[in-house]
Amino acid sequence: MAPRFHDLKVAAIARETPEAVAVAFEIPDALRETFAFRPGQYLTLATDIDGKEARRSYSICSAPGEPTLRVGVKRVADGRFSSFVNERLSVGDTIRVMPPEGRFTSLAGERHDYVLIAAGSGITPMLSIAKTVLSHEPDSTITLIYGNRSTDTIMFREELEDLKDRHMRRFSVVHLLSREAQDVELFNGRIDGARITELANRGLIDVAAADGIFLCGPGEMIDEVSTALKALGVEGDRIRFERFTPSGDAPAPRSRSARAQKAAEAGVEIEVVLDGVRRAFPMAETDATVLDAAHRAGLEIPYSCAGGMCCTCRCRVAEGEAEMAVNYSLQPWEIEAGFTLACQTRPTSKRLVLDFDAS
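Procedures and definitions
- Residues numbered from 1 in each chain as written.
- Predicted model: local features only at pLDDT ≥ 70, side-chain atom pairs only at ≥ 80, totals over all residues.
- Heavy atoms only, no water.
- Helix = DSSP H or I, 4+ residues; strand = E, 2+ residues; numbered from the N terminus.
- Buried < 20%, exposed > 50% of the residue type's maximum accessible area, 1.4 Å probe, protein only.
- Contact = heavy atoms within 4.5 Å.
- Areas by Shrake-Rupley, 256 points an atom, 1.4 Å probe, with all protein chains shown as cover.
- Lys, Arg positive; Asp, Glu negative; His and termini not counted.
- Charge placed at Lys NZ, Arg CZ, Asp CG, Glu CD.
- Salt bridge = Lys/Arg side-chain N within 4 Å of Asp/Glu carboxyl O.
- Pairing = 2+ DSSP bridges.
- Axes fitted to C-alpha atoms, helices over the stretch in contact; angles between N-to-C directions.
- Core = buried A, V, L, I, M, F, W, Y, C linked by side-chain atoms within 4.5 Å.
- Polar contact = N/O pair within 3.5 Å; in protein donor to acceptor, adjacent residues only side chain to side chain.
- Disulfide = S-S within 2.5 Å.
- Phe/Tyr/Trp six-rings, centres within 6.5 Å; stacked < 30°, edge-to-face > 60°.
- Lys NZ or Arg CZ within 6 Å of the ring centre and 35° of its normal.

**Q** Would you mind showing me how to read the overall build of the protein chain here?
**A** Regarding its fold elements, the protein chain presents eight helices and 18 strands. Dimensions of the protein chain along its principal axes, counting C-alpha atoms only, are 65 × 50 × 40 Å. Considering the protein chain as a whole, with its 359 residues, one finds that 53% of them fall into the buried category. Put simply, of all contacts in the protein chain between residues at least 6 apart along the chain, 69% involve residues at least 24 apart. Approximately 16,400 Å² of the protein chain is accessible, and the part contributed by carbon and sulfur atoms is 48%. One finds the centroid of the 43 positive side-chain charges in the protein chain at a distance of 2 Å from the centroid of its 53 negative side-chain charges.

Put into structure tokens, the structure is as follows:
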């Protein structure tokens, strides 16, 4: 199978906040087409940390056409990869990088009104979208609602201010701070459904006129705000989201169904199609998902978060049947079309063929 990762050299590391950096990669001419991207997409990075491979997805904050490809990385508690990047990664180091993926991208067409709602490092894909739209859609407008703890935790603050200064009539930013008092009481606190409703009722955001409302941040924020937007009359197909973690009250992964348990006990033959090549391996009862079975067989298939959120392991069921433990990223139409997430897939038939080349 063709390699999914490419070795990229770190060209620059910029400290954005005490807890976050922007990492820029050099893209060799031979890989320019491979790493072409749409604003809002992400990269999956992999490296060895203390002798063990670690991988993580990070959104691209560059706009297409910029000389380097940048991602934003905020350190999170107990985050092996984010801590490594913030504390140990250096300019000149090499990281394994998968080509851009993701469907959290700007709208097609020439003119749109956007509302972008981000918390913390959720600003990363929003910055890419905003820079691209403002540069290439002269009649489009963007309203950004950006939540942080305090001013010194605002990622890309200077870039956002520069965008606002250059596009004053088309780009507005509302900063919400949860641990730093501001003059306007409405701007004090975290992003939640009630606050977005109040912002809309006061006319600070026009959700009714928005062609697309983009949400990026923790799962709980996305769930609350999506519910509030729908209560305000926003159709579901105008709401797009990319979550970092499941919401705090999200259901736990469901147990294997009786059919999945029966298949697991009997053993399942798995076949995957990746880059036009077919590979087969067995799945045993001890394998929780297809991804686990592939790892045990020494087979590399695309994945990143392994939690059903990033969609890196998206594939289509070409033969057989399966269920998913959880799903935070596939849309209803994708499930109806037979797509699944390998990191969450449990076969319910004796044979399962998954096509990673399907689109």
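From this point, the narrative continues.
**Q** What exactly am I supposed to notice about the pattern of salt bridges here?
**A** Side-chain pairing between opposite charges can occur once the charged atoms of the two side chains come close. Applying the stated criterion across every chain, the model contains 26 salt bridges. Here Asp-223 and Arg-243 are joined by a salt bridge, their closest N and O atoms 3.1 Å apart. Separated by 20 residues along the polypeptide, Asp-223 in helix α5 (residues 219-231) and Arg-243 in strand β11 (residues 239-243) bring together distant segments of the chain. Since its relative accessible area comes to 11%, Arg-243 is described here as buried.

**Q** In this structure, what is going on with the side chain of Thr-47? I would like to understand it.
**A** Secondary-structure assignment places Thr-47 in strand β3 (residues 42-49). What makes Thr-47 buried here is its relative accessible area of 9%. Contact partners of Thr-47, with chain neighbours within four places excluded, come to Lys-52, Glu-53, Ala-54, Phe-81, Phe-84, Ile-95 and Arg-96.

**Q** What is the right way to look at the sheet that holds strand β12 (residues 268-274) in this model?
**A** Judged by pairing direction, the sheet is mixed, and its five strands sit side by side in the order β13-β12-β18-β14-β16 without closing on themselves. The sheet is open, and its two borders are formed by β13 (277-283) and β16 (339-341), each paired with just one other strand. Sheet twist, expressed as the mean angle between neighbouring strand axes with direction ignored, is 35°. Pairing analysis gives five bridges linking β12 to strand β18 (residues 351-355), with the strands arranged parallel.

**Q** Sorry if this is basic, but what is going on with the nonpolar core here?
**A** One recurring pattern in soluble globular proteins: nonpolar side chains tend to sit buried together. By size, the foremost hydrophobic cluster in this structure holds 28 residues, and its most contacted members are Ile-123 and Phe-171. Of all the secondary-structure elements, those providing two or more residues to this core are β2 (20-25), β7 (113-119), α2 (123-136), β8 (141-148), α3 (157-166), β9 (171-177) and β10 (212-217). Of the residues forming this core, the biggest block, seven residues, is contributed by α2. With residues near it in sequence (within four places) discarded, Phe-171 still touches Ala-130, Leu-134, Ile-142, Leu-144, Leu-160, Leu-163 and Lys-164. Counting 27 residues, the second-largest nonpolar core is a separate cluster that includes Val-268, Leu-291, Ala-293 and Ala-342.

**Q** Can you help me understand the pairing of β18 in this one?
**A** For a regular strand, the rule is simple: side chains alternate between the two faces of the sheet. Of all five residues that make up β18, four are buried, and the element is covered over most of its length. Of the pairings in the sheet, the one linking strand β14 (residues 314-319) to β18 comprises three bridges and is antiparallel in character. Each residue of the ladder has a partner; that of Glu-319, found in β18, is Val-353.

**Q** It is not clear to me how unusual backbone geometry should be interpreted in this structure. Could you clarify?
**A** One can expect most non-glycine residues to show negative phi and most peptide bonds to be in trans. One non-glycine residue, Asp-50, adopts positive backbone phi at about 55°. Here Asp-50 is to be found in the loop between β3 and β4 (52-59). We note that Ala-306 has phi near 60°; this positive angle belongs to a residue other than glycine. Residue Ala-306 is classed as partly exposed on the basis of its relative accessible area, which comes to 39%.

**Q** What am I meant to see in the side chain of Asp-355 here?
**A** Secondary-structure assignment places Asp-355 in strand β18. Despite its burial, Asp-355 pairs with no opposite charge; the closest candidate is Arg-316, at 4.1 Å N-O. Engagement of the side chain of Asp-355 in a polar contact is seen with the backbone nitrogen of Asp-357, the distance being 2.8 Å.

**Q** Can you walk me through the state of the cysteines in this structure?
**A** As used here, a disulfide is simply a covalent bond connecting the sulfur atoms of two cysteines. Here the structure, examined in full by the defined rule, presents zero disulfides. Cys-311 carries a free sulfur, and the closest cysteine sulfur to it, the one in Cys-310, is 7.2 Å from it. Overall, Cys-311 belongs to the buried group, its relative accessible area being 11%. Note on Cys-315: no disulfide assigned, nearest cysteine sulfur contributed by Cys-313 at a separation of 6.6 Å.

**Q** Could you clarify how one ought to interpret the packing of aromatic side chains in this entry?
**A** The relative placement of two aromatic rings is captured by the distance of their centres and the angle of their planes. Under the definition given, this model contains four aromatic pairs. On the numbers, 6.5 Å between centres and 70° between planes, the contact of Phe-81 with Phe-84 is edge-to-face. Remark: Phe-84 and Phe-81 occur in helix α1 (residues 80-87); sequence separation between them is three residues, near one turn of the helix. Under the relative-accessibility criterion, Phe-81 is labelled buried at 5%. Considering the side-chain rings of Phe-104 and Phe-214, the 5.3 Å spacing of their centres and the 65° angle between planes classify their relative orientation as edge-to-face. A residue pair is termed long-range when its members are at least 10 positions apart, and Phe-104 in the loop between β6 (94-101) and β7 and Phe-214 in strand β10 qualify at 110 residues. Comparing Phe-104 with Phe-214, the two get one shared label, buried. One aromatic cluster in this structure is built from Tyr-58, Phe-81 and Phe-84. Above the plane of the ring of Tyr-58 lies Arg-56, whose end atom (NZ or CZ) is 5.5 Å from the centre. The side chain of Arg-314 reaches across the aromatic face of Phe-339, ending 3.8 Å from its centre.

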